[in-house]
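Results of the structural survey
The chain contents come next:
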Amino acid sequence: MPAADQNATPPGFGITLDTDATEPRVVVTGELDLLTSPQLQEALAGLIADNSAQRVVADLTGVTFFDSSALNVVLRAQRQAGEQDVELEVVPSPAVSRVIELTGVAEHLSVSEDPQA
């Protein structure tokens, strides 16, 4: 049996970068899991390291599934942002909010309910 294509993107998953806004944002739709989390990590790390903005928004309102690997990516991005003096604002979907709430990491993240915040 052939190995699964590690670069395959699941149906319904997408990441869009909006770098034209005054606050660059990463907009994610679909499931964030072990397969797709590296794409979020790459997008966030790139925007944070760019140093052209003081604030980066992770719009996760379109995320339907959010696992521990995705949470780890967001927490690492938060740490990277702090080291670069960049604010990382997370705008969660209900699925993301639930994981943040259940794991008790809300105090380590800047969470907003407004995607335009």
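The name an unreviewed UniProt entry assigns to the chain is Anti-sigma factor antagonist, from the organism Amycolatopsis camponoti. Within the UniProt record for the chain, the comment given under Sequence similarities (unreviewed entry) is "Belongs to the anti-sigma-factor antagonist family."

This part covers the overall build of the chain. Helices and strands together make up the secondary structure of the chain, namely 3 helices and 5 strands. From first element to last, N terminus to C terminus, the chain shows the α and β order β-β-α-β-α-β-α-β. Taking 13 Å as the expected radius of gyration for a compact globule of 117 residues, we find that the chain reaches 14 Å, a close match to that expectation. C-alpha atoms of the chain, sized along the principal axes, occupy 50 × 30 × 25 Å. For the chain, the residues scored as buried account for 40% of the 117 residues in total. Residue pairs in contact within the chain that sit at least 24 positions apart in sequence constitute 67% of those at least 6 positions apart. As displayed, the chain has an accessible area near 6,600 Å², and 50% of this comes from carbon and sulfur atoms.

Another point: the environment of Glu31. Looking at where Glu31 falls in the secondary structure, it is placed in strand 2 (residues 25-32). Given the relative accessible area of 42%, Glu31 is considered partly exposed. As for Glu31 and Gly82, which are separated by 51 residues in sequence, their C-alpha atoms are 26 Å apart. With sequence-adjacent residues up to four places away left out, Glu31 is seen in contact with Phe13, Thr36, Thr64 and Phe65.

At a minimum axis separation of 9 Å, helix 1 (residues 37-49) and helix 2 (residues 68-83) run at an interaxial angle of 10°. Relative to helix 2, helix 1 is oriented roughly parallel. Touching Ser37, Leu40, Gln41, Leu44, Ala45, Ile48 and Ala49 of helix 1 are Ser69, Ala70, Val73, Val74, Arg76, Ala77, Gln80 and Ala81, all from helix 2. Among the residues forming the contact of helix 1 with helix 2, the class breakdown is 10 nonpolar, 4 polar and 1 charged.

With that settled, consider the nonpolar core. With 28 residues, the main nonpolar core has Val28, Leu32, Leu40, Leu44, Leu60, Phe66 and Leu88 as its most contacted residues. Within the residue set of this core, elements represented by two or more residues are strand 2, helix 1, strand 3 (55-66), helix 2, strand 4 (87-92) and helix 3 (94-103). Examining the composition of this core, we find that 6 residues originate from one element, helix 2, more than from any other. The residues touching Leu40, leaving out its near neighbours within four places in the chain, are Ile15, Val26, Val28, Leu32, Val73 and Val74.

Here we take up the side chain of Asp59. Looking at the secondary structure, you find Asp59 in strand 3. There is a polar contact of 2.6 Å between the side chain of Asp59 and the side chain of Thr61.

It is worth spelling out the pattern of salt bridges at this point. By the definition in use, this model includes 4 salt bridges. One salt bridge in this structure joins Glu23 and Arg55, with 2.6 Å as the shortest N-O distance. Of the two residues, Glu23 is situated in the loop between strand 1 (14-18) and strand 2 and Arg55 in strand 3; the sequence distance between them amounts to 32 residues. You can call Arg55 buried: its relative accessible area is 14%. Between Arg25 and Asp59 there is a salt bridge, with the nearest N and O atoms lying 3.8 Å from each other. Of this pair, Arg25 sits in strand 2 while Asp59 sits in strand 3, placing them 34 residues apart in sequence. For the residue pair Arg25 and Asp59, the accessibility class agrees, reading buried in each case. Here the salt bridges do not stand alone but share partners, grouping Glu23, Arg55, Glu87 and Glu89 into one network.

Conventions and cut-offs
For every chain, the first residue of the written sequence is number 1, and numbering continues from 1 along that sequence. Selection of residues for local features in this predicted model requires a pLDDT of at least 70, selection of side-chain atom pairs for listing and counting requires 80 or more, and totals for whole chains, interfaces and linings are taken over all residues. Side-chain numbers come from the whole structure's heavy atoms, not from hydrogens or water. UniProt positions are given in the numbering used here, feature names are shortened, and annotations may be inferred rather than shown by experiment. Secondary structure elements follow DSSP: runs of H or I of four or more residues count as helices, runs of E of two or more count as strands, with numbering from the N terminus. Radius of gyration means the value over C-alpha atoms here, while the globule rule gives 2.2 Å times the residue count to the 0.38 power. Remark: exposure states derive from per-residue accessible area (1.4 Å probe, protein chains only) relative to the maximum for the residue type, with buried under 20%, exposed over 50%, and partly exposed in between. Should any heavy atoms of two residues lie within 4.5 Å, those residues are counted as being in contact. Areas reported here follow the Shrake-Rupley algorithm with a probe of radius 1.4 Å; residue values treat only the protein chains shown as occluding. Working convention: axes come from line fits to C-alpha atoms, limited for helices to the stretch in contact. Angles between N-to-C directions cover 0 to 180 degrees. Roughly parallel refers to an angle under 35 degrees, roughly antiparallel to one over 145, roughly perpendicular to one between 65 and 115, and oblique to any angle outside these ranges. Note that Gly is not counted as nonpolar here; it falls among the polar residues with everything else outside the nonpolar set of Ala, Val, Leu, Ile, Met, Phe, Trp, Tyr, Cys and Pro and the charged set of Asp, Glu, Lys and Arg. What we call a nonpolar core is a set of buried Ala, Val, Leu, Ile, Met, Phe, Trp, Tyr and Cys residues that are connected through their side-chain atoms within 4.5 Å. Any pair of N or O atoms that falls within 3.5 Å is considered a polar contact. Within protein, one atom must be able to donate a hydrogen and the other to accept it, and sequence-neighbouring residues count only if both atoms are side-chain atoms. Any Lys or Arg side-chain nitrogen found within 4 Å of a carboxyl oxygen on Asp or Glu counts as a salt bridge.

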